[in-house]
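# Remarks on the overall topology
Each chain, letter by letter, is given below.
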Amino acid sequence: MNEQQWIAMDEYLCDRTQTPDEALEAALKLSTEEGLPAINVAPNQGKLLQMLAQMRGARRILELGTLGGYSTIWLARALPADGTLLTLEAVEHRADVARRNIERAGLSRVVSVVVGDAVDTLEAFLRDGVPPFDFVFLDADKKSYPEYLRLVLRLSRPGTVIVADNVIRQGRVADAGSGDPDVIGVRTFFDMLAADSHVTSTAIQTVGSKGWDGFSISIVS
Ligand code: SAH
Ligand code: DHB
Ligand code: MG
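In what follows, the accompanying structure is described. (Residues numbered from 1 in each chain as written. Chains lettered and ligands numbered in written order. Predicted model: local features only at pLDDT ≥ 70, side-chain atom pairs only at ≥ 80, totals over all residues. Heavy atoms only, no water.)

This paragraph deals with the overall build of the chain. Along the chain, the regular secondary structure elements total 8 helices and 7 strands. Across its three principal directions, the C-alpha atoms of the chain cover 45 × 40 × 30 Å. Burial analysis of the chain (221 residues in total) assigns 48% to the buried set. The long-range share in the chain, meaning contacts at least 24 apart out of those at least 6 apart in sequence, stands at 72%. A total of about 10,700 Å² of accessible surface is found on the chain, and carbon and sulfur atoms cover 54% of it. Each charge class in the chain was averaged separately, 22 positive and 30 negative side chains, and the resulting centres sit 4 Å apart. (Helix = DSSP H or I, 4+ residues; strand = E, 2+ residues; numbered from the N terminus. Buried < 20%, exposed > 50% of the residue type's maximum accessible area, 1.4 Å probe, protein only. Contact = heavy atoms within 4.5 Å. Areas by Shrake-Rupley, 256 points an atom, 1.4 Å probe, with all protein chains shown as cover. Lys, Arg positive; Asp, Glu negative; His and termini not counted. Charge placed at Lys NZ, Arg CZ, Asp CG, Glu CD.)

Turning our attention to the coordination of the magnesium ion (ligand 3). The protein atoms that coordinate the magnesium ion (ligand 3) are Asp139 (OD), Asp165 (OD) and Asn166 (OD1), at distances spanning 2.0 to 2.1 Å. Taken in sequence order, the residues that donate to the magnesium ion (ligand 3) follow the motif D-x25-D-N. The pair Asp165 / Asn166 is uniform in exposure class, with both members buried. (Donors = N, O, S within 2.8 Å, 3.2 Å for Na, K, Ca; no water.)

We now examine the packing of helix α7 (residues 145-154) against helix α8 (residues 181-195). Where α7 meets α8, the closest approach of the two axes is 7 Å, and the angle between their N-to-C directions is 35°. Touching Tyr145, Pro146, Leu149 and Arg150 of α7 are Gly185, Val186, Thr188, Phe189, Met192 and Leu193, all from α8. Broken down by class, the residue content of the contact of α7 with α8 amounts to 7 nonpolar, 2 polar and 1 charged. (Axes fitted to C-alpha atoms, helices over the stretch in contact; angles between N-to-C directions. Nonpolar A, V, L, I, M, F, W, Y, C, P; charged D, E, K, R; others polar.)

Taken together, Ile39, Asp139, Lys142, Asp165, Asn166 and Arg169 make up all the residues around ligand 2. Asp139 places a side-chain nitrogen or oxygen 2.8 Å from an oxygen atom of ligand 2. For ligand 2, whose free accessible area comes to 300 Å², the fraction covered by protein is 66%. In terms of residue class, the shell around ligand 2 is made up of 1 nonpolar, 1 polar and 4 charged. (Near = heavy atom within 4 Å. Polar contact = N/O pair within 3.5 Å; in protein donor to acceptor, adjacent residues only side chain to side chain.)

Right, here's the structure in full:
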């Protein structure tokens, strides 16, 4: 098996399970034009996020790592009209691109893009008594996943679902001797999940248009 076959298979699956979507396609087009890296989730991953949030009946969604707002649009479409999605992005220009994409998708009423380091923003949420979230998508810098998990758990309640992207990284996460801060971050994140009796977790490897990677899913009890 090679990456060309994974991509062909992803194309086949997306063709059979998705309909062309102007807002999502325009979001990727503007992101490319504005020079953003193409590290957004794949269309079939975006739809999985949307369906998981829908299955959860999420009314309040938190996303760490907005980029151009591609995964944001998928997730926000899972919300009822009076739902809320807060998405955190460190880079002002990326947040601007995301806001334009979210506006075009007609989701400005439910989505707020918050600019700043996600740790600072989450600490501010805790200080301000922001209500807990039903669904969290963790997709900002991987080295900070342990700190994000610690804070996100304090913004969770029983039943909150936490999905973390990029927890495989071409299999590098299995290397206990790795010096890569991202790998160490993800490994510490898994150690924290394993040690927490109030969290039930699984993790799935994926291949496809995004290479070999994967995600974890946790439910807080
Ligand atoms: N969720 C997006 C992809 C996010 S890529 C999608 O699938 O469409 C990761 C993003 O996290 C980048 O845009 C990066 O700028 C942002 N990021 C990195 N470090 C961050 C930090 N400390 N705080 C907030 N955002 C951060
Ligand atoms: C990178 C970040 C992501 O969120 C992703 O899905 C793929 C790659 C990165 O920073 O390289
Ligand atoms: Mg990602």
